[in-house]
Amino acid sequence: MTGPVLEVDAVRKSYGERLVLDDVSLRVDEGDVICLIGSSGSGKSTLLRCLNLLEPIDDGEIRFEGSEISDPRVDARAVRSRIGMVFQAYNLFPHLSVLDNCTLAPRKVHGLSRTAAEARARDLLGQFGLGDHVDQHPDRLSGGQQQRAALVRALCTEPRLLLLDEITAALDPELVGDVLDIVRSLAETGTTMVLATHEMSFARDVATQVCFLHEGRILEQGPPAEIFTDPREERTRAFLRRVLPPA
Amino acid sequence: MAATWTPSERELERRRLRQRLRRRDLVVATTVTLVVFVGLGLGITSTPGWDAVQELFFNGFHARESFDAVLEGFWVNVKLFMICEPVILALALAVALARQARAAWLVPLRIVAVLYTDVFRGIPTILLVILLAFGMPALGLQGIPISATFWAGVALVLSYGAYVAEVFRSGIESIHPSQLASADALGLSRAQAMRHVVVPQAVRRVVPPLLNDFVSLQKDTALVASAGILDAVFAARNYGNFNFNYTPLVVVACFFVVMTVPLARLTDWLQRRYVERERAGAR
Ligand SMILES: Nc1ncnc2c1ncn2[C@@H]1O[C@H](COP(=O)(O)OP(=O)(O)OP(=O)(O)O)[C@@H](O)[C@H]1O
Ligand SMILES: [Mg+2]
């Protein structure tokens, strides 16, 4: 397919009086890995939720695969079935086993048979080192394991676009490396991703574009090499000074 | 910042579109509602026995005639409900908490709580009302109230206390153990954790089933009629037996419905406010 996977144009979002996203524009091409960076509360999670139509926007436009999805007539479920999302707080279903968490949407939304869905889920869970926890309930898993299970749950529907909200936040440095490898191999197989992260090395390694959010605006965006070595904006520089270890 | 913002043409068009969709939904809802209710009304009034039924149950003259007596009786139901309900809430919460107590020296309390719920949930409320309202005054004990209404109220409290205790208990047990763990980690005692962390969340969660039991109690205040207490139902039956017309019973039914509706709306409102405040992002 030609043309961008996702286009965000002048999106605005406020909660009551509080303006959370202001004039945000973003273009995501096939195979892109876009990293959203910025301090806590800058609106990263909110932007991701808007892209997935979990939050209605107050102005602007979002286009997915060429058609506008911010239109009130659009079937939000059809859009979401093509977009995968991993939440900051995992949001696994506690009453289902890990396997059932991963096969619920493939079976009920995408119409896969139980055997096909389970085969695919087991395969992915194995790849993510969760082979031993397939039949356990999420509460039995460590934070990092839950995070990976949530990632598998999103991948099981073979989404066109993957939205990841700080998926490495709860992982130890070793696992961060593992997940980074997984994300990179996903990018190579053509999965397009938008992810929010506080891990600057992660962003530098996998991103094709880095967006710096500040108080709900994208102050600066560009390839990681540019943003991390020679940022244009003073605020970006100040933010990076705070989060990056002094060289 | 917000003051200088004017929505774009696209956003304005989207708002118009949303409004149109809303209007379409409204039209669909109105049409369907009208069709259903008019159909039902026509269906009922065209049955062969409708005229006789209307005469016996929906007679305007008898409704007006019996209104004052029913209203006076209904006041007894309202008073019973208003007094019993807070007592039930307190008793039930105490029983639920007693069942949660883990300290060794509180074991007898736990046993009493378990026995209480098992026994009083098992006895039909109407039997309890009759037993206490007739039995207690008949004991002739010095120093206890002899009013049948008082003992009927006690019966309602005992019976409903057992139900509501179980509602509270299910709410308490539905709070995720991680909440107790974080309370423990902060150094709170078990009682403090219950008081400040678990119970507030549990109560919010069980508001809908609690309301259900409240409404049920409002209706079950009518059971005191079986103990000869002059409430709305008793007054209506009295009137019906003298005038061979059952319209007053329908009047009583209307009274009960009118009493329960505001409570339902209040609960909806409370629930919505809680969701808006504490479940906003649900991230
Ligand atoms: N439901 C809501 N109601 C009101 N304000 C909200 C709501 N959700 C988020 N906000 C506000 O929006 C702002 C952006 O929140 P968001 O979760 O997008 O930040 P973030 O960049 O993801 O931060 P973090 O890095 O800590 O996850 C915050 O200031 C927050 O207080
Ligand atoms: Mg966030």
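Residues numbered from 1 in each chain as written. Chains lettered and ligands numbered in written order. Predicted model: local features only at pLDDT ≥ 70, side-chain atom pairs only at ≥ 80, totals over all residues. Heavy atoms only, no water.

Colleague: For this particular structure, what's the right way to read the packing of helix α3 (residues 60-100) of chain B against helix α9 (residues 207-220) of chain B?
Modeller: Two numbers describe a pair of packed helices, the interaxial angle and the distance between the axes. All names here are of chain B. Two elements in contact, α3 and α9, have axes separated by 10 Å at closest approach and are oriented at 145°. Here α3 and α9 pass one another in a crossing that is right-handed. On α9, the residues that touch Phe81, Cys84, Glu85, Ile88 and Leu89 of α3 are Leu210, Phe214, Leu217 and Gln218. (Axes fitted to C-alpha atoms, helices over the stretch in contact; angles between N-to-C directions. Helix = DSSP H or I, 4+ residues; strand = E, 2+ residues; numbered from the N terminus. Left-handed = near helix turned anticlockwise from the far one by under 90°. Contact = heavy atoms within 4.5 Å.)

Colleague: How should I be thinking about the nonpolar core in this particular structure?
Modeller: Within soluble globular proteins, side chains that are nonpolar generally end up buried alongside one another. Counting residues in each nonpolar core, the largest one holds 49 residues, and the members touching the most others are Ile37, Leu125, Leu151, Leu164, Met193 and Leu195 of chain A. If you count residues domain by domain, this core takes at least three from each of domain 1 (6-82 + 160-243) and domain 2 (94-158) of chain A. Setting aside chain neighbours within four positions, we find Leu125 of chain A in contact with Val98, Leu99, Cys102, Leu130, Gly131, Val134 and Val152 of chain A. Leu128, Leu132, Val198 and Leu211 of chain B belong to the second-largest nonpolar core, a separate cluster that totals 44 residues. (Core = buried A, V, L, I, M, F, W, Y, C linked by side-chain atoms within 4.5 Å. Buried < 20%, exposed > 50% of the residue type's maximum accessible area, 1.4 Å probe, protein only. Domains from an automatic or database assignment.)

Colleague: What should I look at first to understand the domain arrangement of chain A in this one?
Modeller: Frequently, the measure chosen for interface size is the accessible area that the parts lose on association. Residues and elements named next belong to chain A. Assigned domains of chain A: these are domain 1 (6-82 + 160-243) and domain 2 (94-158). For domain 1 versus domain 2, the distance between C-alpha centres works out to 25 Å. Counting residues at the interface gives 12 residues for domain 1, matched by 10 residues for domain 2. Together domain 1 and domain 2 conceal approximately 960 Å² of surface at their shared face, both sides included; 74% is due to carbon and sulfur atoms. There are 0 salt bridges connecting domain 1 and domain 2. If you list the elements that add at least two residues to the side of domain 1 that touches domain 2, you get β7 (161-165) and α6 (173-188). (Buried area = accessible area lost by both parts, 1.4 Å probe. Salt bridge = Lys/Arg side-chain N within 4 Å of Asp/Glu carboxyl O.)

Colleague: Can you walk me through the interface of chain B and chain A in this structure?
Modeller: Contact with chain B, which involves 17 residues of that partner, is made by 20 residues of chain A. For the pairing of chain B and chain A, the buried interface totals around 1500 Å² over both sides, and the portion due to carbon and sulfur atoms is 43%. Counting across the chain B and chain A interface gives 4 salt bridges. Measuring nitrogen to oxygen at the nearest pair gives 3.7 Å for the salt bridge that ties Arg10 of chain B to Glu61 of chain A. Seen at the junction of chain B and chain A, the total is 8 residue pairs in polar contact (both at pLDDT 80 or more). Taken together, the residues that form the side of chain B that touches chain A break down as 7 nonpolar, 4 polar and 6 charged. (Polar contact = N/O pair within 3.5 Å; in protein donor to acceptor, adjacent residues only side chain to side chain. Nonpolar A, V, L, I, M, F, W, Y, C, P; charged D, E, K, R; others polar.)

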